[in-house]
Amino acid sequence: MRVIIKPDYQSVCRWSAEYIAAKINNQKHLVLGLPTGSTPLGVYAELIKKVKKGEISFKDVITFNMDEYVGLTPQDPQSYHYFMNENFFNHIDIKKENIHILDGMSNDFNKECENYETMIKASGGIDLFLGGLGEDGHIAFNEPFSSLSSRTRIKTLTTDTIKVNSRFFDNDISRVPSQALTVGIATIMDAKEVIIMASSHKKAPAVYHAVEGYISHKWPVSALQNHPHCIIVCDEEAASRLEAETIQYFKDIEAKML
């Protein structure tokens with residue numbers, strides 16, 4: 001595992017965007033796994049700038065989003081289809097046929113999830129999965145006690161996740177869907193590389209369990225300790241629960257790589 005510790009959220013986003021941009025320029029037919037939520041917004045803003053400046057192009061990039069709410073149409077302002085279009089896809093040169101997002105209105109959720117896994121494999125697999133990190137250690141909608149061998153499936157959301165996400169629904173918990181379609185932990189683990197972003201002191205316990213804790217389905221992110229190419233990119237606040245020796249170790253390693 002590689003741990004990048006930056007001063008603040010903005011620098012976390014800049015580092016992540018630079019890393020993704022370099023991957024796109026080195027590997028034109030890149031397959032990206034993408035998240036929603038507030039965490040990646042800064043990364044998307046940085047990537048949009050790079051596209052507009054002509055520094056990168058998404059014309060040959062294929063994307064697979066991590067999840068989608070059950071029961072929301074793609075036109076619903078709170079759906080992840082809408083989120084991705086408004087905050088990213090509408091501002092870059094990606095081909096519409098290269099965008100993949102789970103269908104929360106499907107008549108057969110099991111089939112929808114099976115097909116998603118099939119499409120990922122048909123694309124050659126995900127080269128780089130970008131993800132945020134929940135306060136309870138969830139990645140995508142893989143809540144605590146999710147199977148570490150899970151694949152894309154329907155999941156019931158915890159009360160804590162619904163409360164946190166209610167900020168996107170005018171803080172009205174009753175409007176937040178109780179279920180979502182999500183890639184599984186094993187789906188994420190299959191990616192050639194994984195970047196997990198974390199910012200603020202609220203994420204510090206999850207970062208601790210990701211880096212120093214035991215591998216446990218109580219903290220789904222801890223599964224990434226077994227990934228051969230996982231990078232945790234976090235700010236100082238999110239790293240605050242790590243031991244001083246751990247922080248010094250990773251900062252020393254990164255300094256030598258500059």
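Up top is the structure.
Rules and cut-offs
Residues numbered from 1 in each chain as written. Predicted model: local features only at pLDDT ≥ 70, side-chain atom pairs only at ≥ 80, totals over all residues. Heavy atoms only, no water. Pairing = 2+ DSSP bridges. Helix = DSSP H or I, 4+ residues; strand = E, 2+ residues; numbered from the N terminus. Buried < 20%, exposed > 50% of the residue type's maximum accessible area, 1.4 Å probe, protein only. Phe/Tyr/Trp six-rings, centres within 6.5 Å; stacked < 30°, edge-to-face > 60°. Salt bridge = Lys/Arg side-chain N within 4 Å of Asp/Glu carboxyl O.

Q: Please clarify how the sheet that holds strand S5 (residues 99-100) should be interpreted in this entry.
A: To summarise the sheet geometry, strands pair through backbone hydrogen bonds and adopt either a parallel or an antiparallel arrangement. One open sheet accounts for seven strands, arranged S1-S10-S9-S6-S2-S3-S5; its pairing is parallel. Every other strand in the sheet has two partners, leaving strand S1 (2-6) and S5 as the edge strands with one partner each. Summarising the sheet, strand S2 (residues 31-34) and strand S6 (residues 128-131) pair through two bridges and their orientation is parallel. Paired with Gly33 across the bridge in S6 is Phe129.

Q: Honestly, unusual backbone geometry in this entry has me stumped. Any pointers?
A: Most peptide bonds take the trans configuration, and most residues that are not glycine carry a negative phi. The backbone phi angle of Phe145 is positive, close to 75°, even though this residue is not glycine. Among the structural elements, Phe145 can be located in the loop between S6 and strand S7 (153-156). Overall, Phe145 belongs to the exposed group, its relative accessible area being 54%. Even without glycine at this site, Asp170 takes up a positive phi of about 55°. Tracing the backbone through its elements, the reader meets Asp170 in the loop between helix H5 (159-165) and strand S8 (179-182). The exposure class of Asp170 is exposed, given its relative accessible area of 65%.

Q: What's the story with the packing of aromatic side chains in this structure? I'm lost.
A: In the structure shown here, the tally under the stated rule is 10 aromatic pairs. Arranged with centres 5.2 Å apart and planes meeting at 15°, the rings of Trp15 and Tyr19 form a pair that is stacked. Highlighted residues: Trp15 and Tyr19, both in helix H1 (residues 9-26), separated by four residues, approximately one helical turn. Both residues of the pair, Trp15 and Tyr19, count as buried.

Q: What's the story with the pattern of salt bridges in this structure? I'm lost.
A: Per the stated rule, a full pass over the model turns up 11 salt bridges. Between Lys50 and Glu55 there is a salt bridge, with its nearest N and O atoms 3.4 Å apart. Notably, a salt bridge pairs Arg151 with Asp190, separated by 2.6 Å at the nearest N-O pair. Taken together, the residues Arg151 in the loop between S6 and S7 and Asp190 in the loop between helix H6 (185-189) and strand S9 (193-198) connect sequence positions 39 residues apart. Residue Arg151 is classed as partly exposed on the basis of its relative accessible area, which comes to 34%.

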